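Next come the chains, spelled out residue by residue.
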Amino acid sequence: MRLEDTDPDRSRLGLTPAPPLSPAEVEHWRTCLDQAWEVLVRRHRPAAETMAAVLRVIVPVLPDPSAKGISATSAEAFGAVAMSSPADPDALATGLLHECQHSVLNATNLLFDLVNPGGPPGYSPWRDDPRPAFGVLHGAYAYLAVTKFRRAESRQKNGSAQKNGSAQRNESGQEDEKSRAAAFEFARWRSAVAEAAAGLLAGGELTPAGVRLTTALLTEVQQWLTEPVDLEIQRLADRANADHRSRWRLRNLTVPPQEVARLVAAWHEGVAPPQITTVLREDSGRELSDPRGQAAAQGTVLPTYRKPEVLRAVTVALPDVPVHALTKWLSSCT
């Protein structure tokens, strides 16, 4: 694996390249890669063998202040990964696994068309913007590898802790924290991958080859859905997924004016709310703005109604009605 920090074409991977690395920065990359590779070879041998066959170059890029780490691949540059400096070996291992999957899927799609073109964009559990079906498939395929990695790491850390007791923990409890973090990511991403794969199979945009691939993906992750996870960790994982979906809907979906008028009329008439059709916003992906509508989707309201964009629209149209009353009314028909 080569660190490429001077090639003038390295910006073509889509992220801003970092300037040439200092000796200390090179040493940090080398240390993280050595330790990450040891974990991958010892506990994730099949994934390590795939990675060794696929990846050739890492292009260091500038970090995004709003993210813990960023990375990218390109279908036009098989075997190359653009990645910001890893926080630790664990972050590098998961980042390389993730991007390796993207490279493999891009190569597969060159041999077999996986998705029919022209379909509408939709929800992706990993992005804030609407994504086409091929983008959702990319996310599911990449996060399948991350989920498998977290599953094995969570089991290994729990098993070591039970075998060796407190010897596995230092004074700050970092080992326990790492184990819980791995369990959280496993619990969260197994559900997200399964949801994304099921949505793709139901969406009708996959080719026969895409259906076979996605069916195999779903079959694998479904086996993990019933594996026990600490109840509090599972609750937090479920809440994180629900929160992401709700915020995605608030960012990207809107209720047309005629549909809002139907809701207002039904409220004033004292009848059940009608079924409402929502559409993608023209400015989808933007930051949330409306304070009352945003507040309506926060706190305990969020899990009780799965279409927060509808709740936002009706709270704005009926400003004198308590939000909890509108939530109860809308939830009566879902």
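In this text, all values refer to a predicted model and were calculated from it rather than measured experimentally. (Residues numbered from 1 in each chain as written. Predicted model: local features only at pLDDT ≥ 70, side-chain atom pairs only at ≥ 80, totals over all residues. Heavy atoms only, no water.)

**Student:** So what exactly am I meant to see when it comes to the sheet that holds strand β2 (residues 57-61) here?
**Tutor:** Strand pairing in a sheet is mediated by backbone hydrogen bonds. Such pairs are either parallel or antiparallel. Taken in spatial order, the four strands line up as β1-β2-β4-β3 in an open sheet, and their pairing is mixed. A strand with exactly one partner marks an edge of an open sheet, and here the two such strands are β1 (2-3) and β3 (71-72). As defined by bridge partners, β3 adjoins strand β4 (residues 80-84) across two bridges and the pair is classed as antiparallel. Note that in β4 the partner of A72 across the bridge is A82. Along the sheet, helix α3 (residues 89-111) contacts β2, β3 and β4; its crossing angle with β4, the most-contacted strand, is approximately 145°. (Pairing = 2+ DSSP bridges. Helix = DSSP H or I, 4+ residues; strand = E, 2+ residues; numbered from the N terminus. Contact = heavy atoms within 4.5 Å. Axes fitted to C-alpha atoms, helices over the stretch in contact; angles between N-to-C directions.)

**Student:** What am I meant to see in the packing of aromatic side chains here?
**Tutor:** For any pair of aromatic rings, geometry is given as the distance between the ring centres together with the angle between the planes. Inspection of the entire model under this criterion finds five aromatic pairs. Ring geometry for Y143 against W189: centres 4.7 Å apart, planes inclined by 50°, an arrangement best described as tilted. Here the residue Y143 occupies a position in helix α4 (residues 133-164), and W189 occupies one in helix α5 (residues 174-203), the gap between them amounting to 46 residues. Per residue, the accessibility class of Y143 equals that of W189, and both read buried. When the centroid spacing of 5.3 Å and the interplanar angle of 80° are considered together, the rings of W267 and W329 count as edge-to-face. Here W329 lies in helix α11 (residues 323-331) and W267 lies in helix α8 (residues 257-269), a separation of 62 residues in the sequence. The exposure class assigned to W329 is buried, which follows from its relative accessible area of 12%. Cluster of aromatic residues (ring-pair linked, three or more members): W126, Y143 and W189. Over the ring of Y123 we find R245, and its NZ or CZ is 4.2 Å from the ring centre. (Phe/Tyr/Trp six-rings, centres within 6.5 Å; stacked < 30°, edge-to-face > 60°. Buried < 20%, exposed > 50% of the residue type's maximum accessible area, 1.4 Å probe, protein only. Lys NZ or Arg CZ within 6 Å of the ring centre and 35° of its normal.)

**Student:** Just to check I follow, could you spell out the pairing of β4 for this structure?
**Tutor:** Two faces belong to every sheet, and in a regular strand the side chains alternate between them. Counted residue by residue, β4 has five buried out of five residues, so it is predominantly covered. Side chains A80, A82 and S84 project from β4 onto one buried face, and the interleaved V81 and M83 project onto a second face that is buried too. Both β2 and β4 contribute to a ladder of five bridges, which runs parallel. Opposite P60, over in β4, you have M83 as the bridge partner.

**Student:** Would you mind going over the pattern of salt bridges with me for this structure?
**Tutor:** Once the charged atoms of two side chains with opposite charge are near each other, the side chains can pair. Evaluated as defined, the whole model comprises 16 salt bridges. Where R30 meets E27, a salt bridge forms, and the shortest distance between an N and an O atom there is 3.1 Å. Of this pair, R30 and E27 both sit in helix α1 (residues 23-43), three residues apart, which is roughly one turn of that helix. Since its relative accessible area comes to 44%, R30 is described here as partly exposed. Between D129 and R127 there is a salt bridge; the shortest N-O distance is 3.0 Å. Under the relative-accessibility criterion, D129 is labelled partly exposed at 23%. Salt bridges sharing common partners tie together D90, R150 and E185. (Salt bridge = Lys/Arg side-chain N within 4 Å of Asp/Glu carboxyl O.)

**Student:** Can you walk me through the packing of α1 against helix α2 (residues 45-54) in this structure?
**Tutor:** Angle between the axes and distance between the axes are the two parameters that describe a pair of packed helices. Where α1 contacts α2, the two axes come as close as 5 Å, and the packing angle between them is 125°. Here α1 is positioned oblique relative to α2, judged by the angle of their axes. For the pair formed by α1 and α2, the contact residues are W37, L40, V41 and R43 on the first element and R45, A48, M51 and A52 on the second. Each residue belonging to the contact of α1 with α2 can be placed in one class, and the counts come to six nonpolar, no polar and two charged. (Parallel < 35°, antiparallel > 145°, perpendicular 65-115°, else oblique. Nonpolar A, V, L, I, M, F, W, Y, C, P; charged D, E, K, R; others polar.)

**Student:** Sorry, what's going on with the packing of α1 against α3 here?
**Tutor:** Closest axis-to-axis distance for the α1/α3 pair is 8 Å, and the angle between their directions is 70°. Classified by the interaxial angle, the pair formed by α1 and α3 is roughly perpendicular. Handedness of the α1/α3 crossing: right-handed. Along its contact with α1, which presents W29, C32, L33, Q35, A36 and L40, the element α3 presents P89, L92, A93, L96 and L97. Of the residues assigned to the contact of α1 with α3, the class counts are 10 nonpolar, one polar and no charged. (Left-handed = near helix turned anticlockwise from the far one by under 90°.)

**Student:** For this particular structure, what's the right way to read the pairing of β2?
**Tutor:** Most of β2 sits out of view: five of its five residues are buried. With burial as the criterion, each face of β2 is covered, one bearing V57, V59 and V61 and the other bearing I58 and P60. Inspection of the sheet shows β1 paired to β2 by two bridges, in the parallel sense. Pairing of R2 across the sheet is with V57, part of β2.

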